[in-house]
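Architecture at a glance
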2 protein chains.
Amino acid sequence: MSGANELRSRVRAHGKRVTPQRQLVLDAIRAAGGHVTTNEIFTHVSAAASSVNRTTVYRNLDFLCEMRLVVAAQIGGKMYYEIAGEEPHHHLVCRHCDSVGEISHRTVKALFDKIEREQSFVVDMDHLALFGLCAECRHTVSKPKLRTRRKRGG
Amino acid sequence: MSGANELRSRVRAHGKRVTPQRQLVLDAIRAAGGHVTTNEIFTHVSAAASSVNRTTVYRNLDFLCEMRLVVAAQIGGKMYYEIAGEEPHHHLVCRHCDSVGEISHRTVKALFDKIEREQSFVVDMDHLALFGLCAECRHTVSKPKLRTRRKRGG
DNA sequence: TAGGCAGTTGCAAATAGTTGCAATAATGCC
DNA sequence: GGCATTATTGCAACTATTTGCAACTGCCTA
Ligand SMILES: [Mn+2]
Ligand SMILES: [Mn+2]
Ligand SMILES: [Zn+2]
Ligand SMILES: [Zn+2]
């Protein structure tokens, strides 16, 4: 099951509706082919249908995440969205050079499984962002400026 | 080294300054004895010194996190702050009942170590929040409503 | 202790994201 | 297709947070 129909079936299964706005938001993310910001998505949607309200875009981004069709993560103070692949994936973000690396779900899942065994808590995160120092900066930098800045969201 | 002097020494070491506002924010978090919201912190600070500006509180929350004297995490749409203990700790947040459990650093560190070995990336997160289904809800709930809502931060 | 530099603060204005609500429009059913 | 039901949308008001900037004040040095 691919593309457009993925939206239809997934949404219907939850008693929700398929709307053109919803499609446009999903298309915008799909078109980006990777991590896109809220603003880039809104711009792309606007280009296709200028009447779509910003609020609607925000709401549908939340919606698509709930439907698990899209994954999100806050990196460097911005929220990034991306089409959810068959297999989840995660990221390693360098606090010093802002590089964004990837890490397989397999690696991370080991922890999730351990948590499930030890505490019966089922972790279901499909797009984690872990911060730290990348291989390069680790050697280059003597006294890394640890940007810990987190957006509060409001 | 404890309390008030921890602030002094840690801040000085970074060429930064100790100000009464800074102390007040730290005191407010310390007084709470656990997770506190931005707003609770501001209220507490205001009670002690009504002249302190909200912006200053925001800025010092970021600052104290950078100094690693305070840790933060976004849970349920709100940012929570807490005094950083000697040993980091992390949380397990249920998407269904919103309960917030704890998980030791030891458990999580296993993953961080593996990442360091495999990718030479040094993860340094000291207050991670992992979302999923708690032991109770896991049994109780058949079709959990997965609240994936994430604040975008602005 | 006085003076100066750089880090901080308060204020006002700008942003970004959220919420309530009435108007619309997908769906399901006849 | 026509109709009822209810999810969704667009708007406008509102809230929370961020930013620029000039005034202020720790803290180092002489
Ligand atoms: Mn990604
Ligand atoms: Mn905590
Ligand atoms: Zn780096
Ligand atoms: Zn629960």
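Please refer to the structure placed before this passage.
Residues numbered from 1 in each chain as written. Chains lettered and ligands numbered in written order. Predicted model: local features only at pLDDT ≥ 70, side-chain atom pairs only at ≥ 80, totals over all residues. Heavy atoms only, no water.

1. Structural notes on the relation of the copies chain B and chain A
Test applied: Residues reaching a pLDDT of at least 70 in both copies supply the C-alpha atoms on which the copies are superposed by least squares. Contacts between residues were defined by any pair of non-hydrogen atoms, one from each residue, lying within 4.5 Å.
With an axial shift of 0.0 Å and an RMSD of 0.0 Å, the rotation relating chain B to chain A amounts to 180°. Within this description, the copies of the chain are treated as partners about a two-fold rotation axis. Here 100% of the interface residues in chain B have copies in chain A that are interface residues too; the copies meet face to matching face.

2. Details of the coordination of the manganese ion (ligand 1)
Residues and elements named next belong to chain A. The condition that has to hold: Metal sites are built from N, O and S donor atoms within 2.8 Å, or 3.2 Å for Na, K and Ca, and they leave out water, so they may look incomplete. Using a 1.4 Å probe on the protein chains alone, a residue whose accessible area is under 20% of its type maximum counts as buried, one over 50% counts as exposed, and one in between counts as partly exposed.
The protein atoms that coordinate the manganese ion (ligand 1) are His35 (NE2), Glu82 (OE), His89 (NE2), His91 (NE2) and His127 (NE2), at distances of 2.1 to 2.2 Å. Each donor residue of the manganese ion (ligand 1) belongs to the same chain, with the gaps between them written as H-x46-E-x6-H-x1-H-x35-H. Judged on exposure class, the residue Glu82 and its partner His91 are both buried.

3. Re unusual backbone geometry
The phi torsion at A:Ser120 lies on the positive side, around 55°, for a residue other than glycine. Taking the relative accessible area as the measure of exposure, A:Ser120 reaches 29% and is therefore partly exposed.

4. Some words on the protein's contact with DNA strand D
Applied cut-off: The cutoff for a nearby residue is simple: one of its non-hydrogen atoms must lie within 4 Å of the molecule or strand. Pairs of N or O atoms are called polar contacts if they sit within 3.5 Å, as long as, within protein, a hydrogen donor faces a hydrogen acceptor (for residues adjacent in sequence, only side-chain-to-side-chain pairs). Every helix listed is a DSSP run of H or I at least four residues long, and every strand listed is a run of E at least two residues long, numbered separately from the N terminus. By the convention adopted, Pro, Cys, Tyr, Trp, Phe, Met, Ile, Leu, Val and Ala count as nonpolar, Lys, Arg, Asp and Glu as charged, and the other residues, Gly among them, as polar.
Near DNA strand D you find 25 residues, and of these A:Arg22, A:Thr56, A:Arg152, B:Arg17 and B:Tyr58 are the closest. Per the 4 Å cut-off to the protein, sugar and phosphate atoms form 68% of the nearby atoms of DNA strand D. In the model, a sugar or linking oxygen of DNA strand D is placed 3.0 Å from a nitrogen or oxygen of the A:Gln21 side chain. Among the elements that take part in the surface near DNA strand D, helix 4 (residues 54-66) of chain A stands out by supplying four residues, more than any other. Per-class residue counts for the surface near DNA strand D are three nonpolar, eleven polar and eleven charged.

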